[in-house]
Amino acid sequence: MASLSRAATELSSDCRVKSAYGPRAALRRLRRALKERRTVKLLAIGSSSTVGIGASSPAAAYPVRLESNLEGFLPGFDIQMTNRGVSGETGQGAVERIKLEVAEIDPDLVVWQVGTNDAMARIDEDEFAEMLRSTLSWLAANRIDVVLIDPQYVERLASDEHYTGIVEAISAVARDMRVLLVHRFEAMADLAKQRGNAAFLAQDRFHPNDLGYRCMAEYAARAIAAGILQAEAEAVPQN
Amino acid sequence: MRSANAVDFWRGLALVMIFINHIPGIALGGLTLRNYAICDAAELFVFLAGWSLSYATGGPLHPEPFARTVFRLLSRALEIYRAQLVITMLALAFLASVALSTDNQLFLEWHNAASAFYDPVRTMIGIVLLTHQLGYFNILPLYVVLLLYAPLVVALARWRRWSALLMSLAIYAYALTTWATFPNWPAEERWYFNPLSWQLLLVLGFLSAELARSSEKFVQNVARLVPLAWAVSGVGAFVTLMHLWPDPMRVPEPRLLFLFDKTYLSPVRIISLLAIAIAFHAAFRYIERPLGPATTLMCALGRNSLPVFCIGSLLSLTGQIVRAMNEESFLLDCAIVICGVVLMGFTAWFVEWRSRVPGLSASRAS
């Protein structure tokens, strides 16, 4: 457990930010899987940042890094990461597809990078929040743990009300439903302020580079470690 | 030029609905078939493609020589393949220019486009192999595969119709029970429209047309099914409006048989489409005159479905970009839809005009 507590507190110096997390929440199913020492199944859902576009190699993509980060602080455990991008499509169709993927893979934890496409497509904020809420309820009803990752920070859209509205809607839903959230938008904004966008976007100024993915994986790994510790803390009185 | 007919009309309408459905979040999106039925315009489009296959190959009474059918279908497959490459390249260039001019990299990541820009070496191969499809640019690859498969269907149906149906059902059942599909590459995904499933709809459309043109009894039986078809369509509308979609965690194996999955075309979507086809097939006769110019427009779109679909795909993308760059507005959404339909109509008119003017037709020019 020592390595887990360290993972929950430490970030590499390149990725240090003031805040990158939403509310505290327990990852009960993941904790149980670890306790039973069975293979831990993770499902990464999202758009191009999940697929790993912009990384120097497939191994540098965030789900692969996340998997190795988790293996780092959970030595001896078998962690199986399945990566399923849900390309572009928004709304009901995407939700049905996510449910089908979950039914097929039966993961312990879903890492869901959500919101960018909806924000760009100008999907109504309330409609989006409702979609998010109902899908999270469905995952909760099936006792599947979740970590949400909100949209990336793009300087150009930092003052776009709709874009930031979607980011805020994700925060609000995560708070209401007590779901772990990696506040990527805020973290990347912070990093951009510290060192300028260039370090996190590749040379053509556009795509996130390996460092950006590394930080994203670190934040997600740290959120997961905190979620396991929270489940541990909640479980103690019952023993 | 064909005169106005039901197949062209419904196909034209399907094209307009596909155009609207491909602009997610648009205000008028609530008007399309998928809001009132378990199936949507894509099923209608593929079923009607099968129906047209019967006409393109001479039909049951005057079948054209088989070698000619094969040549015709392969030529058409090549034409559609070319169209897919062209619209994919145009869409990528369009997204790139918008990303540059707005300084917003998110446009490069839209609809699976990102790997074309960030992993071009592998993605170029994927585009040519049809294993890299942009989001919403995935119907034509299905169509190419279906046309390559169509000669086999025609050959079997000419021998015994049931044999074509049996083969098609066997492939369909195999896909739904084993999750067999066409893979995407370089992304480790699967085709949005699984050809192994969707081929059944083409075959059903083809066989329906063959039977409708050769068997009086079939036509009478279909007419008897109309009340049932209305009832089934009504139930489908209720289920869709109430969002009563089955929960993938709660249905028995093989799950795909019981879900409403679009990629694998779950059976309920086929039933929904057939019910709508039977319920509405005779309606054209009654709405043809009252709709007046709208009938003329829809039939023109349906007659020129490939160029209209291609332009429609690019117009959907344009609509999405315009919406992304502006504040939400009902009026803007209406303007996008009206402009889109007008431009699709212009495309149909232009294609027919060009083929009428001596010396301007594409085939003569080459």
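Visitor: Quick one: what's the story with the packing of helix α8 (residues 195-214) of chain B against helix α9 (residues 216-224) of chain B, residue by residue and with numbers?
Guide: Residues and elements named next belong to chain B. Packing of α8 against α9 brings their axes to within 5 Å, and their N-to-C directions diverge by 110 degrees. The orientation of α8 relative to α9 falls into the category roughly perpendicular. Here α8 contributes S208, L211, A212 and S214 to the contact with α9, which in turn contributes E216, F218 and V219. Tallied by class, residues from the contact of α8 with α9 come to four nonpolar, two polar and one charged.

Visitor: Account for the pattern of salt bridges, naming residues and giving values.
Guide: Tallying each qualifying case throughout the model produces 24 salt bridges over all chains. Between R122 of chain A and D160 of chain A there is a salt bridge; the shortest N-O distance is 3.0 Å. Within this pair, whereas R122 of chain A is found in the loop between α6 (116-120) and α7 (125-141), its partner D160 of chain A is found in the loop between β4 (145-149) and α8 (161-177), the two being separated by 38 residues in sequence. One exposure class covers both R122 of chain A and D160 of chain A, and it is buried. When the shortest N-O distance is used, the salt bridge between D247 of chain B and R250 of chain B registers 3.9 Å. Taken together, the shared-partner salt bridges connect R29, E36, R38, D106 and D108 of chain A into one network.

Visitor: Hey, could you go over the packing of helix α2 (residues 41-56) of chain B against helix α11 (residues 267-280) of chain B for me, with residue numbers and the actual values?
Guide: Residue and element names in this part refer to chain B. Interaxial distance between α2 and α11 falls to 10 Å at its minimum, and their mutual angle equals 70 degrees. Taken as axis vectors, α2 and α11 run roughly perpendicular relative to one another. Crossing of α2 against α11: the hand is right-handed. Of the residues in α11, those touching α2 at E43, L44 and F47 are R269, L273, L274 and A277. When the residues that make up the contact of α2 with α11 are grouped by side-chain class, the tally is five nonpolar, no polar and two charged.

Visitor: Report on helix α3 (residues 66-102) of chain B, specifying residues and quantitative values.
Guide: One full turn of an α-helix is made of 3.6 residues, so residues set three or four places apart face in the same direction. Taking 1.5 Å per residue, 37 residues should reach 54 Å; α3 of chain B reaches 54 Å between its end C-alpha atoms and fits that length. Positioned one or two residues after α3 of chain B, D103 of chain B has a phi angle of 55 degrees, which is positive.

Visitor: Provide a residue-level description of the side chain of S305 of chain B, including the pertinent values.
Guide: Residue and element names in this part refer to chain B. You can see S305 is positioned in helix α14 (residues 305-325). Classification of S305 by relative accessible area gives buried; the value is 9%. Setting aside its immediate chain neighbours within four residues, S305 contacts R11, L15 and F45.

Visitor: Residues and numbers for a negative patch on the surface, please.
Guide: A surface patch of like charges, here negative, comprises D124, E125, D126, E127, E161 and E168 of chain A together with E327 and E328 of chain B. Elements that contribute at least two residues to the negative patch include exactly α7 and α8 of chain A. Along the polypeptide, E327 of chain B turns up in the loop between α14 and α15 (330-356).

Visitor: Tell me about the side chain of D261 of chain B, and name the residues and values.
Guide: Structurally, the position occupied by D261 of chain B is in the loop between α10 (226-241) and α11. Despite its burial, D261 of chain B pairs with no opposite charge, the nearest such side chain being R97 of chain A at 6.1 Å. In contact with D261 of chain B, other than residues within four places in its own chain, are L100 of chain A together with L256, S266 and R269 of chain B.

Visitor: Got a sec to walk through a nonpolar patch on the surface? Specific residues and values, please.
Guide: Residues and elements named next belong to chain B. Taken together, the side chains of L31, Y36, F238, L241, M242 and L244 present a nonpolar region at the surface, about 640 Å² in accessible area. Turning to its location among the elements, L244 is positioned in the loop between α10 and α11. L244 gets classed as partly exposed once you look at its relative accessible area, which sits at 45%.

Visitor: Quick one: what's the story with the state of the cysteines, residue by residue and with numbers?
Guide: All names here are of chain A. Applying the stated criterion to the full structure yields one disulfide over all chains. Covalently, C15 is tied to C215 through a disulfide, its sulfur atoms 2.0 Å apart. Its torsion about the S-S bond being -80 degrees, the disulfide of C15 and C215 is classed as left-handed. Pair noted here: C15 is in the loop between α1 (2-9) and α2 (28-35) and C215 is in helix α10 (residues 210-235), with a separation of 200 residues, a long-range link. With respect to burial, C15 and C215 carry one shared label: buried.

Parameters at a glance
Residue numbers run consecutively from 1 along every chain, following the written order of its sequence. Going through the entries in the order they are written, you letter the chains from A and number the ligands from 1. Totals for whole chains, interfaces and linings use all residues, but because this is a predicted model, local features are given only for residues with pLDDT of at least 70 and pairs of side-chain atoms are given and counted only at 80 or more. Hydrogen atoms and water are omitted, and side-chain values are computed over all heavy atoms in the structure. Between N-to-C directions, angles span 0 to 180 degrees; the directions come from axes that are lines fitted to C-alpha atoms, helices contributing only their stretch in contact. Only DSSP runs of H or I with at least four residues qualify as helices, and only runs of E with at least two residues qualify as strands; both kinds are numbered from the N terminus onward. Between 65 and 115 degrees an angle is taken as roughly perpendicular, under 35 as roughly parallel, over 145 as roughly antiparallel, and anywhere else as oblique. Whether two residues touch is decided by their heavy atoms; if any such pair falls within 4.5 Å, the residues are in contact. Under the scheme applied here, ten amino acids are nonpolar (Ala, Val, Leu, Ile, Met, Phe, Trp, Tyr, Cys and Pro), four are charged (Asp, Glu, Lys and Arg), and all others, including Gly, are polar. Salt-bridge detection follows one rule: a side-chain nitrogen of Lys or Arg within 4 Å of a carboxyl oxygen of Asp or Glu. Each residue's exposure class comes from its accessible area (1.4 Å probe, protein chains only) as a fraction of the maximum for that residue type: buried when under 20%, exposed when over 50%, partly exposed otherwise. A clockwise turn of the near helix away from the far one marks a right-handed crossing, whereas an anticlockwise turn of less than a right angle marks a left-handed crossing. The span expected for a helix works out to 1.5 Å for each residue beyond the first. The patches reported here contain residues having more than 30% relative accessible area and no salt bridge. Joining distances are 9 Å for like charges and 5 Å for nonpolar side chains (Val, Leu, Ile, Met, Phe, Trp, Tyr). The Shrake-Rupley method, run with a 1.4 Å probe sphere, supplies the accessible areas, and residue values consider only the shown protein chains as cover. Charge convention: Lys and Arg are scored as positive, Asp and Glu as negative, and His as well as the terminal groups of each chain are ignored. Just so you know, the charge point we use is NZ for Lys, CZ for Arg, CG for Asp and CD for Glu. In plain terms, two cysteine sulfur atoms within 2.5 Å form what is called a disulfide here.

Treat this as a map of the structure, not an account of what it does.
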